[in-house]
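Architecture at a glance
Below, each chain spelled out in residue letters.
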Amino acid sequence: MLKKEISQQINSILETRNLIAGQWFGEGTGTVEVTDKYHQSLLAEVPLASADQVEQAIAAAATAAKEFRAWDGTRRRSHLERLLELFQERAEAFAWLIAAEAGKPIGYAKGEVQRCQTTLRLAMEEITRFSGEVVNVDYDAGRGRTAYTKRVPIGPISGISPFNFPLNLALHKIAPALAVGCPVVLKPSPFAPLTCLAFARLCQEAGYPPGFINIFLAGIPEAEKIVVDDRLKLFSFTGSPQVGWMLKSKAGKKPVILELGGNAVCIVEETADLDVAAKRIAIGSFLYAGQICISTQRILVQESIWDDFKELLIRETEKLSAGDPFEPEVSVGPMIASEHLERIAAWVNAARNSGAEVWLGGEILDRDRNLYPPTILSGVPGHLEIVCEEAFGPVAVVDSFGTFDEAIQKANDTRFGLQAGLFTNRLDLSMAAHSQIEVAGLIINDVPGFRVDGMPYGGIKDSGLGREGIRYAMEDMTEPRLMVINQPNHQ
């Protein structure tokens, strides 16, 4: 059971109803039980919105778009500033709630809360910088004319957010929308919806009118409405490739942003600082039980440093503690659900049965707590799921390479392309990797899991479509509207 002081913090912000058109709905077509992912105790029951309630949310957002479009930058900024202030007052409680419903180690949960503040602040500040452009048309038929664009909100947007960053990844949809004047219809993950619903309460307190923010859980048939409905002008999804690409096929003509999965590669070249590389890769592979889409899954090590790096990586990984995410020393908490625990166990067993060497871990640590230990494998056949699919668990696969060209070839041998890491002290290899590794982002001398909230973040190939990062999302949520001014007396 949760300690009394933790429960009190969580209960101070707990909201178990859906916010639709400015009203809180405590009933729907059924309920979802949200549990503490380590203790397995019930945190709350949340209703699933009915088809009529989803329709209300969409209609309210469409109506609110007209009002929101008229808000000037000062008004949009002041509301975001108030929202940030309210969130900061409750930051500690939000961290505990994230740790409970998402099973995230408390130190990492506090890090997410800090990032949420940054996300809101970036959106607030970007309002004063975000604008159109002067367009040069003063040539040929345009001589004597002046043109410029202004950015106008695209209209109401919809989104589906995942469990692993239950608030910050939702805010990467909500914050830019509020910055440019787009109402939001958002469905959080049923594994961890409480943080989003608590944030919806803050939006009301900050003074956003009915329809500007709609956050609710819904079953698949009802949730599909926020993808296909033409009144919603952009759809943003963060989750698995299988679901993301399927939803894109249903979205019709509206723009779609997909932030999907990967099986991120990290290359360790022979000139790298091996101590630094081993420490960062251990954390980058196993933090939060690897349930991060840019968690290091494939590690490529140059043959000349193989033995040295193996020893260092095992040593650094053994320092990591798996267990209760509320304990400050724990960095590897539970898997989000038992089915994912069993999936990881089956994938590791398949690798073992195919001749892979288990350097560390490899067996379920605590089935009742959904705990799987940090696991390192080598010699795994490339066609196995633990190599070619997204593990989304605390498992890393190590392989060797001879030449750097071979490393790049192996790095690209995947249908995914989110981010990659490269540890090296050679500028020429960094430049070659940047040109040749097929990912949307390359991180030099750190793991693929590096991200700050203002940078353009996204994937290529099966890893997604479009970019998040506040300014980049604001561009997607607005349209450039052109005006050309004729000067009739121009000679």
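To be clear, the structure that these remarks concern was listed above.
Now for a quick tour of the structure. (Residues numbered from 1 in each chain as written. Predicted model: local features only at pLDDT ≥ 70, side-chain atom pairs only at ≥ 80, totals over all residues. Heavy atoms only, no water.)

Below, the discussion takes up the sheet that holds strand E24 (residues 478-486). Sheet architecture is open: three strands sit in the order E5-E6-E24, paired in antiparallel fashion. Every interior strand has two partners, whereas the edge strands, strand E5 (134-135) and E24, have only one. In this structure, strand E6 (residues 145-153) lies alongside E24, joined through nine bridges in antiparallel fashion. For Thr-146, the partnering residue across the bridge sits in E24 and is Ile-485. (Pairing = 2+ DSSP bridges. Helix = DSSP H or I, 4+ residues; strand = E, 2+ residues; numbered from the N terminus.)

Its location among the elements puts Gln-302 in strand E13 (residues 298-302). There is a polar contact of 2.8 Å between the side chain of Gln-302 and the backbone oxygen of Gly-402. Residues contacting Gln-302, with those up to four places away along its chain left out, are Val-268, Glu-269, Glu-270, Phe-401 and Gly-402. (Polar contact = N/O pair within 3.5 Å; in protein donor to acceptor, adjacent residues only side chain to side chain. Contact = heavy atoms within 4.5 Å.)

We now examine the pairing of E6. In terms of strand pairing, E5 meets E6 through two bridges, oriented antiparallel. Note that in E6 the partner of Val-134 across the bridge is Tyr-148.

Attention now goes to helix H7 (residues 194-205). Each α-helix winds once per 3.6 residues, and so residues spaced three or four apart point in a common direction. Between the first and last C-alpha of H7 there are 17 Å, a value that for 12 residues agrees with the 16 Å anticipated at 1.5 Å per step. Most of H7 is tucked away, with nine of its 12 residues classed as buried. After H7 finishes, the residue Gly-207 shows a positive phi value of roughly 100 degrees. (Expected span 1.5 Å × (residues − 1). Buried < 20%, exposed > 50% of the residue type's maximum accessible area, 1.4 Å probe, protein only.)

Here the focus is the nonpolar core. Core analysis: the largest hydrophobic core is formed by 72 residues, its most contacted members being Leu-80, Leu-83, Ile-174, Phe-199 and Tyr-208. With nine residues, helix H4 (residues 91-102) is the single largest residue contributor to this core. When sequence neighbours within four positions are dropped, the list of residues in contact with Leu-80 reads Leu-120, Ala-123, Met-124, Ile-127, Ala-175, Leu-178, Ala-179 and Tyr-208. In this structure, Phe-309, Leu-313, Ile-314 and Ile-386 belong to the second largest nonpolar core, which totals 42 residues. (Core = buried A, V, L, I, M, F, W, Y, C linked by side-chain atoms within 4.5 Å.)

Read across the sheet, seven strands follow the order E14-E15-E16-E13-E12-E18-E19 without closing on themselves; strand pairing throughout is mixed. At either end of the open sheet lies a strand with only one pairing partner, and these are strand E14 (357-360) and strand E19 (441-444). In this sheet, adjacent strand axes meet at a mean angle of 25 degrees when their direction is disregarded. Bridge analysis of strand E15 (residues 375-378) against strand E16 (residues 395-401) gives four bridges, and the strand direction is parallel. Of the residues in E16, the one forming a bridge with Thr-375 is Val-395. The sheet strands contacting helix H12 (residues 306-318) are strand E12 (265-268), E13, E14, E15 and E16, and the helix crosses E14 at an angle near 50 degrees. (Axes fitted to C-alpha atoms, helices over the stretch in contact; angles between N-to-C directions.)

Quick look at unusual backbone geometry now. Even without being a glycine, Ala-21 presents a positive backbone phi close to 55 degrees. With respect to the helices and strands, Ala-21 occurs in the loop between strand E1 (18-20) and strand E2 (23-25). When its relative accessible area of 18% is taken as the criterion, Ala-21 is described as buried. Despite not being glycine, Asn-445 has its phi angle at roughly 60 degrees, a positive value. By the element assignment, Asn-445 lies in the loop between E19 and strand E20 (457-458). Judged by relative accessible area, which is 35%, Asn-445 ranks as partly exposed.

Another point: the pattern of salt bridges. Once the charged atoms of two side chains with opposite charge are near each other, the side chains can pair. In this structure the tally under the stated criterion is 29 salt bridges. Note that Arg-315 is salt-bridged to Asp-275, the shortest N-O span being 3.7 Å. Note that Arg-315 is positioned in helix H12 and Asp-275 in helix H11 (residues 274-286), a separation of 40 residues in sequence. Salt-bridge contacts for Arg-451 lead to Glu-468; the nearest nitrogen and oxygen are separated by 3.7 Å. Highlighted residues: Arg-451 in the loop between E19 and E20 and Glu-468 in strand E23 (residues 467-468), separated in sequence by 17 residues. Each member of the pair, Arg-451 together with Glu-468, is buried. Salt bridges linked by common partners bring Glu-55, Lys-225, Asp-229 and Arg-231 together as one network. (Salt bridge = Lys/Arg side-chain N within 4 Å of Asp/Glu carboxyl O.)

One way to put it is that helix H3 (residues 73-89) packs onto helix H6 (residues 168-180) with a least axis distance of 8 Å and a crossing angle of 145 degrees. Where H3 abuts H6, its residues Arg-76, Leu-80 and Leu-83 lie against Ala-175, Leu-178, Ala-179 and Val-180. Taken together, the residues of the contact of H3 with H6 break down into six nonpolar, no polar and one charged. (Nonpolar A, V, L, I, M, F, W, Y, C, P; charged D, E, K, R; others polar.)

With that out of the way, let us pick up the environment of Leu-217. Within the secondary structure layout, Leu-217 lies in the loop between strand E9 (213-215) and helix H8 (220-223). Among the residues examined, Leu-217 registers a relative accessible area of 1% and is labelled buried. Counting along the chain gives 179 residues from Leu-217 to Ala-396, while the straight-line C-alpha distance between them is 33 Å. Aside from chain neighbours lying at most four places away, what touches Leu-217 is Asn-18, Val-32, Val-46, Pro-47, Leu-48, Ala-49, Lys-187, Pro-188, Ser-189, Pro-190 and Pro-193.

By themselves, these figures tell us nothing about what the structure is for.
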